[in-house]
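The primary structure of each chain is shown beneath.
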Amino acid sequence: MLIVRLLLPLLALLLLAAHFYRADWLSLAALSIALTPLLAVPRWWAARTLQVALVLGAFEWLRTLAVLAAMRVAAGQPVLRLALVLGAVAAITLLAAWVFQHRTLRARFRLG
């Protein structure tokens, strides 16, 4: 079950890396990928680092939503589907940060 619980943070980090790569922010894409090995480090600081990165990633998705929604509104295009998709991605990224509060991962990463 441990590996299954870690799949969501892994997926969220890889999705952030793809987003940053698409935006041509290669250093942030590399950082997102570089954080993935921390999923295998059973220390409290690794879990907290991942949680902070994922929460910041959720804010990035919301920032992207605001920018793209403003562009679509200015162009007279519909916004609802964009808002639903990016809102869901932001929520999933936050959920990936919250996964570390489950007792299995709290024990694995030695979170008090």
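See the structure printed just above.
Residues numbered from 1 in each chain as written. Predicted model: local features only at pLDDT ≥ 70, side-chain atom pairs only at ≥ 80, totals over all residues. Heavy atoms only, no water.

Judged by side-chain polarity, Val52, Val55, Leu56, Phe59, Leu62 and Leu94 come together as a nonpolar surface patch covering roughly 550 Å² of accessible area. Element by element, the count of residues in the nonpolar patch is highest for helix H3 (residues 44-74), at five residues. The exposure class of Leu62 is partly exposed, given its relative accessible area of 41%. (Patch = residues over 30% accessible without salt bridge, like charges linked within 9 Å, V, L, I, M, F, W, Y side chains within 5 Å. Areas by Shrake-Rupley, 256 points an atom, 1.4 Å probe, with all protein chains shown as cover. Salt bridge = Lys/Arg side-chain N within 4 Å of Asp/Glu carboxyl O. Helix = DSSP H or I, 4+ residues; strand = E, 2+ residues; numbered from the N terminus. Buried < 20%, exposed > 50% of the residue type's maximum accessible area, 1.4 Å probe, protein only.)

Taken as a whole, this structure holds two aromatic pairs when the rule is applied. Centroid distance Phe20 to Trp25: 5.9 Å. Interplanar angle 35°. Geometry classified as tilted. You can call Trp25 partly exposed: its relative accessible area is 34%. Ring centres of Phe100 and Phe109 lie 5.4 Å apart, and the angle between their planes is 70°; on these two criteria the pair is classed as edge-to-face. Assessed through its relative accessible area of 0%, Phe100 is described here as buried. Directly above the aromatic system of Phe109 lies the positively charged group of Arg108, at a separation of 6.0 Å from the ring centroid. (Phe/Tyr/Trp six-rings, centres within 6.5 Å; stacked < 30°, edge-to-face > 60°. Lys NZ or Arg CZ within 6 Å of the ring centre and 35° of its normal.)

Moving on to the pattern of salt bridges. Throughout the structure, instances matching the rule amount to one salt bridge. In this structure, Glu60 engages Arg63 in a salt bridge whose closest nitrogen and oxygen atoms are separated by 2.9 Å. With Glu60 and Arg63 both in helix H3, this residue pair falls three residues apart, about one helical turn. The exposure class assigned to Glu60 is buried, which follows from its relative accessible area of 11%. Exposure remark for Arg63: the relative accessible area of 39% places this residue in the partly exposed category.

None of this, on its own, says anything about what the molecule does.
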